[in-house]
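Reading the structure
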Amino acid sequence: MQTAVRDRRRTSAGPAVRVAVTGLGVAAPNGLGADAYWAATLAGTSGIGRITRFDPAQYPARLAGEIREFSALEHLPTRLLPQTDRMTQVALAGADWAFADAGVDPAGLPEYDMGVITASSSGGFEFGQRELKALWSQGSRYVSAYQSFAWFYAVNSGQISIRNGMRGPSAVVVSDQAGGLDAVAHARRQIRKGTPLVVSGGVDASICPWGWVAQMAGGRLSTSEDPARAYVPFDAGARGHVPGEGGALLVLEDLERARARGAQRIYGEIAGYGSTFDPRPGSGRPPGLRKAIELALGDAGTVAGDIDVVFADGAALPELDRVEAEAIAGVFGPRGVPVSVPKTMTGRLYSGAAPLDLATAFLAIRDGVVPASVGTRPSDAYAIELVTTRPRRMPVRAALILARGQGGFNSAAVVRAVDD
Amino acid sequence: MSDREFTLDDLRRILRDGAGADEAVDLDGDILDAEFESLGYESLALLETSSRIEREFGITLDDDTVTEAKTPRALIDAVNSFLVPARSS
């Protein structure tokens, strides 16, 4: 039965159902909501500062990109508050904004026509920390029943699904920062199989002591005390990254169906995707990032010369920066394409980072402007053309977004404008 | 072990603290015989509620007690049936 349904779909729509983005829901340390985020990003306003959520004095890393102005009570019913971690509260608000931006009321659509596919890298650490503390200081009877799911990787998908009555194909992808692209690629797959609409993207938020030491254990955090220079990818002084919280949720739709419903806005399409895994250390084989880029370009049916801008992963560790710069220069030629890392203004948002970069790319396409990477002074050792200091006005029709994850994940996505 | 009675006000407070309150429901209204489901509380919310009652009143409730009590009146009666023997002893 399933095969027959899929085959019919292929025959009627062809193998390449195009997948459009029609709504953006953004929550970033330098701006809540897509408009505030975009204005801050173009102005070069950073959201990185000393941690306020807890006293970071005893830890070697003390800076983060915190979302300062989010109040869950303003956005969500009180019934949801005791059962949700901060990341889920931000994700639920983000999904609401994405729907509003898309002009879609999920209550008015068939529930099996809508799916939710998000990425997650850590789950609800703050909620989990509170319950673990209760467990060890007071006993098991003091642990919330909601701990059974509130911490869980899939909880953002689950809560968005329940709140909006979306019962189509839903999932979570856990592959660190790369997961943000992997989830959107999976959403595209489900739309191509016949689900008209999927909300996808990711929101992470684990700036609490437990989340913090877990991130420190990865060995990649910047210990700089200077917010302006702590996270400087492709800089000779790169010394790791500053973590942040937030991300973005995007409404993805079958392009033809979106047009048929008279969608008020089509930001563009998810045109291509590729992912690879790095070889075992010491194997002597090359890193997998370049191959991921080539797969994404091939999947989009495009060539390097058609890409106007690259939003880089920007790990800000010398070895990882070198690998990324070589992959970009290898595909586009030395200094062959403008490259930007706007996450220098938010910190790395883990599973939320790449969805935010996707949103940024669509805003860049809409407005014809590439935001700058702030604070970083690109090293001549890397043959890439980093956009720094101020945004660059230029037509943007297609963008490449890169995201990697600790442990060897590489993902790349191509997004591009859709002609009316 | 508590020696006080478990009241509707106790239940309201514990529901609010543990599970929040549905905006469409007046928890302060006449809810004694309303079904928990219609008040917006599903099984997990009631599990959290019973766990909080147990902590505060120093009792242990049977799982059946909680799942079989469909209304605030039924739950209050059930909880007090655990409390009353303790008070009389």
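Attention here is on the structure that accompanies the text. Remember, predicted model here, so these are calculated numbers, not experimental data. (Residues numbered from 1 in each chain as written. Chains lettered and ligands numbered in written order. Predicted model: local features only at pLDDT ≥ 70, side-chain atom pairs only at ≥ 80, totals over all residues. Heavy atoms only, no water.)

Secondary structure assignment for chain B yields four helices and zero strands. Traced from its N-terminal end to its C-terminal end, chain B shows the element sequence α-α-α-α. Expected size for 89 residues packed as a compact globule is a radius of gyration near 12 Å; at 12 Å, chain B falls within 12% of this value. The buried share among the 89 residues of chain B stands at 46%. Long-range pairs, those at least 24 residues apart, make up 61% of the contacts in chain B with a sequence separation of at least 6. (Helix = DSSP H or I, 4+ residues; strand = E, 2+ residues; numbered from the N terminus. Rg over C-alpha atoms; globule rule 2.2 N^0.38 Å. Buried < 20%, exposed > 50% of the residue type's maximum accessible area, 1.4 Å probe, protein only. Contact = heavy atoms within 4.5 Å.)

This part is about the packing of aromatic side chains. Residues and elements named next belong to chain A. In total, this model carries ten aromatic pairs over all chains according to the counting rule given. Ring geometry for Tyr-146 versus Phe-149: centroids 6.0 Å apart, planes at 65 degrees, classification edge-to-face. A residue is classified by how much of its surface remains accessible, and Tyr-146, at 0% relative accessible area, is buried. Consider the rings of Phe-277 and Phe-409, whose centres lie 5.2 Å apart with planes at 80 degrees: the pair is edge-to-face. Pair noted here: Phe-277 is in strand 9 (residues 268–277) and Phe-409 is in strand 16 (residues 409–416), with a separation of 132 residues, a long-range link. You can call Phe-409 partly exposed: its relative accessible area is 26%. (Phe/Tyr/Trp six-rings, centres within 6.5 Å; stacked < 30°, edge-to-face > 60°.)

Side chains of a nonpolar character, in soluble globular proteins, are inclined to be buried together. Residues and elements named next belong to chain A. The biggest cluster of nonpolar side chains holds 50 residues, and the ones touching the most others in it are Leu-252 and Val-415. Looking at this core, the element that brings in the most residues is helix 13 (residues 353–367), giving ten residues. Setting aside anything within four residues of it in sequence, one finds Leu-252 in contact with Val-19, Ala-20, Val-21, Val-184, Ala-187, Arg-188, Ile-191, Pro-196, Leu-197, Val-198 and Ile-270. (Core = buried A, V, L, I, M, F, W, Y, C linked by side-chain atoms within 4.5 Å.)

Glancing now at a nonpolar patch on the surface. All names here are of chain A. Nonpolar side chains collect at one region of the surface, where Leu-132, Leu-135, Trp-136, Trp-210 and Val-213 lie side by side and expose about 500 Å² of accessible area between them. At the level of elements, helix 5 (125–137) and helix 9 (209–217) are the ones that each hand at least two residues to the nonpolar patch. The element contributing the most residues to the nonpolar patch is helix 5, with three residues. (Patch = residues over 30% accessible without salt bridge, like charges linked within 9 Å, V, L, I, M, F, W, Y side chains within 5 Å. Areas by Shrake-Rupley, 256 points an atom, 1.4 Å probe, with all protein chains shown as cover. Salt bridge = Lys/Arg side-chain N within 4 Å of Asp/Glu carboxyl O.)

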